[in-house]
Amino acid sequence: MNHHPEPTLLEQYAAGTLPLSFAMCVSVHLNFCARCRIELRTLQNLGGQLFEELAPIPVDASLLQAVLNKIDDAADAEAVSSRETTAAAHAVPKPLRHLIPAGYDALHWTTMLPWVRVANLAGDDDGKHHLAVHRIRAGSKLPRHDHRSQEITLVLNGSFSDEYGIYGDGDFILRGPSQVHSPLIAQNEDCICLSAQSAPLRFTQPVWRLLSPFLT
Amino acid sequence: MALFRHSRAACRDRTVTTNHDTRHTEADTWGICLQQVALRDRQAFARLFAQFAPQIKAFGLATILPDRSGQFADELVQEVMFTVWHKAAAYDIGKASASTWIFTIARNKRIDLLRKLKRHSGMIDIDDVWPLEDESAGPFQILQQRVTQQRVRESLQTLPHAQREVLLLAFIEGKSHSEIATALALPLGTVKSRIRLAMQRLQLVLER
């Protein structure tokens, strides 16, 4: 793995200030990357110390009792609601197990191009971004395109390359609006990527640009 | 073993001193208290509550709320402490101090409560996005965690005010970079570079 979220992105994740869809991509990357997990732990440590240094505000004595009552109520229903899914068996990273409960094949795929399929996972609370999975056939090439705003791509399975580098499992790629690229998928297997985007891909070559309104 | 007994006693009596030499022990003390909570010890829970509920309340009051919602901080205290009780078994003293662990729960619950206030019923689960870690720490990680904690604690004291301010706005008030820029009437780039400088100063980022 060679591509990681930049430090200020991890800082925003640790502080809990990233849009949910971006934070989800970071979470999936952390699932792959021990090094970023160490960095995150350090950042959370910073958060913990700032938290510890806050001037305490007295709490009403009834609050402890309220929590204890809640604990008693919950004890009856202790049989923890186990939301067991089969995602693990399908090699889906843990943070995505509720969004992709039965593996990639079972997603509702839409064909964008004969060799590109997309499945929408969820909209972000901010109403601007959404999470999607793209599945691109082994050995194929995506038309040259740019992105309309900041967008994250995270490789879940397989690999691809473009003008900027080579990407494999767990690699985290943040693209800005001006970065045009034409990804090439590795020959050996389909490439499956998670993306947090604010608008559909826009192809920059004339033919694809004409078609792109119909492709999503 | 001697250390364990000592800390356990401190947790029991709440005779925790805060002078410089014992701070390290104090951090461990609350971690051990959390381990007792994991064993369903309600007295340990009451002590933990007395120590951390006022911190959580302060954290809740620092939140910028969408509109009038006076009960937010108290609700946050309850949600966080309830989760502390339920998840205490997942706490790993080798990975994080009690403050750090409770901070991460408070961060998650704040996002959750704000989401409810704003009536979002999104499909993305907060606990999937910010999971509490469940792999256990090895001896090396335990050592590293302590060294890091000490380093962050010390360098935080010498951080220039401007850098400390942006960290507080981010971690405690939960403001995004652009919200911080608005609050301080600074360009976004200045906010980002202050945060980057603070992180370098605290050696929070590994060499790349």
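The preceding data block contains the structure.
Source: prediction; values computed, not measured. (Residues numbered from 1 in each chain as written. Chains lettered and ligands numbered in written order. Predicted model: local features only at pLDDT ≥ 70, side-chain atom pairs only at ≥ 80, totals over all residues.)

Participant: Residues and numbers for the overall build of chain B, please.
Facilitator: Counting secondary structure elements, chain B contains 10 helices and 0 strands. Secondary structure elements of chain B, listed N to C terminal, follow the sequence α-α-α-α-α-α-α-α-α-α. A burial count over chain B gives 38% of its 208 residues as buried. (Helix = DSSP H or I, 4+ residues; strand = E, 2+ residues; numbered from the N terminus. Buried ≥ 20, exposed ≤ 12 C-beta atoms within 10 Å, placed from the backbone.)

Participant: Tell me what's going on with the interface of chain A and chain B, and back it up with residues and numbers.
Facilitator: Interfaces are frequently sized by the accessible area removed from exposure as the parts join. Each partner contributes residues to the interface: chain A has 42 residues there, and chain B has 55 residues. With 14 residues, helix α3 (residues 34-52) of chain A is the single largest residue contributor to the side of chain A that touches chain B. The class makeup of the residues in the side of chain A that touches chain B is 23 nonpolar, 12 polar and 7 charged. (Contact = placed C-beta atoms within 7 Å. Nonpolar A, V, L, I, M, F, W, Y, C, P; charged D, E, K, R; others polar.)

Participant: Kindly report on the nonpolar core, identifying the contributing residues and their values.
Facilitator: Counting 94 residues, the largest nonpolar core has Cys25 of chain A together with Leu48 of chain B as the members making the most contacts within it. Once residues within four sequence positions are removed from consideration, Leu48 of chain B is found in contact with Trp30, Cys33, Leu34, Val37 and Val84 of chain B. (Core = buried A, V, L, I, M, F, W, Y, C linked by C-beta atoms within 7 Å.)

Participant: Hey, could you go over the sheet that holds strand β2 (residues 116-123) of chain A for me, with residue numbers and the actual values?
Facilitator: Residue and element names in this part refer to chain A. Overall, antiparallel pairing links the 6 strands, which are arranged β1-β2-β3-β10-β5-β8 in an open sheet. Strands with a single pairing partner mark the edges of an open sheet, and in this sheet they are β1 (110-113) and β8 (172-175). With strand direction ignored, the average angle separating the axes of adjacent strands in the sheet is 30°. Strand direction decides the pairing type here: β1 and β2, joined by 3 bridges, are antiparallel. Each bridged residue has a counterpart across the sheet, and for Thr111 the counterpart in β2 is Arg117. (Pairing = 2+ DSSP bridges. Axes fitted to C-alpha atoms, helices over the stretch in contact; angles between N-to-C directions.)

Participant: Mind laying out the packing of α3 of chain A against helix α5 (residues 98-117) of chain B, listing which residues take part and the relevant values?
Facilitator: Two measures define how a pair of helices packs: the angle their axes make with one another and the distance between the axes. At a minimum axis distance of 8 Å, the contact between α3 of chain A and α5 of chain B shows a crossing angle of 90°. Taken as axis vectors, α3 of chain A and α5 of chain B run roughly perpendicular relative to one another. Residue-level contacts link Gln44, Asn45, Gly47, Gly48, Gln49, Phe51 and Glu52 of chain A of α3 of chain A to Ser99, Thr100, Phe103, Thr104 and Arg107 of chain B of α5 of chain B. Here the residues of the contact of α3 of chain A with α5 of chain B are counted per class, giving 2 nonpolar, 8 polar and 2 charged. (Parallel < 35°, antiparallel > 145°, perpendicular 65-115°, else oblique.)

Participant: Got a sec to walk through the sheet that holds strand β6 (residues 160-162) of chain A? Specific residues and values, please.
Facilitator: All names here are of chain A. Judged by pairing direction, the sheet is antiparallel, and its 3 strands sit side by side in the order β7-β6-β9 without closing on themselves. The sheet is open, and its two borders are formed by β7 (165-167) and β9 (184-185), each paired with just one other strand. In terms of strand pairing, β6 meets β9 through 2 bridges, oriented antiparallel. Bridging from a neighbouring strand, Phe160 pairs with Ile185 of β9.

Participant: So what's going on with helix α10 (residues 188-201) of chain B? Which residues, and what values?
Facilitator: An α-helical turn contains 3.6 residues, so a residue and the one three or four places further along point in the same direction. Over its 14 residues, α10 of chain B runs 20 Å from end to end, which matches the ideal 20 Å to within 8%, given 1.5 Å per residue. Summarising the contacts, the buried residues of α10 of chain B are in contact with α1 (7-15) of chain A together with α8 (161-171) and α9 (177-184) of chain B. Where α10 of chain B ends, the next residue or the one after it, Gln203 of chain B, has phi of about 50°, a positive value. (Expected span 1.5 Å × (residues − 1).)

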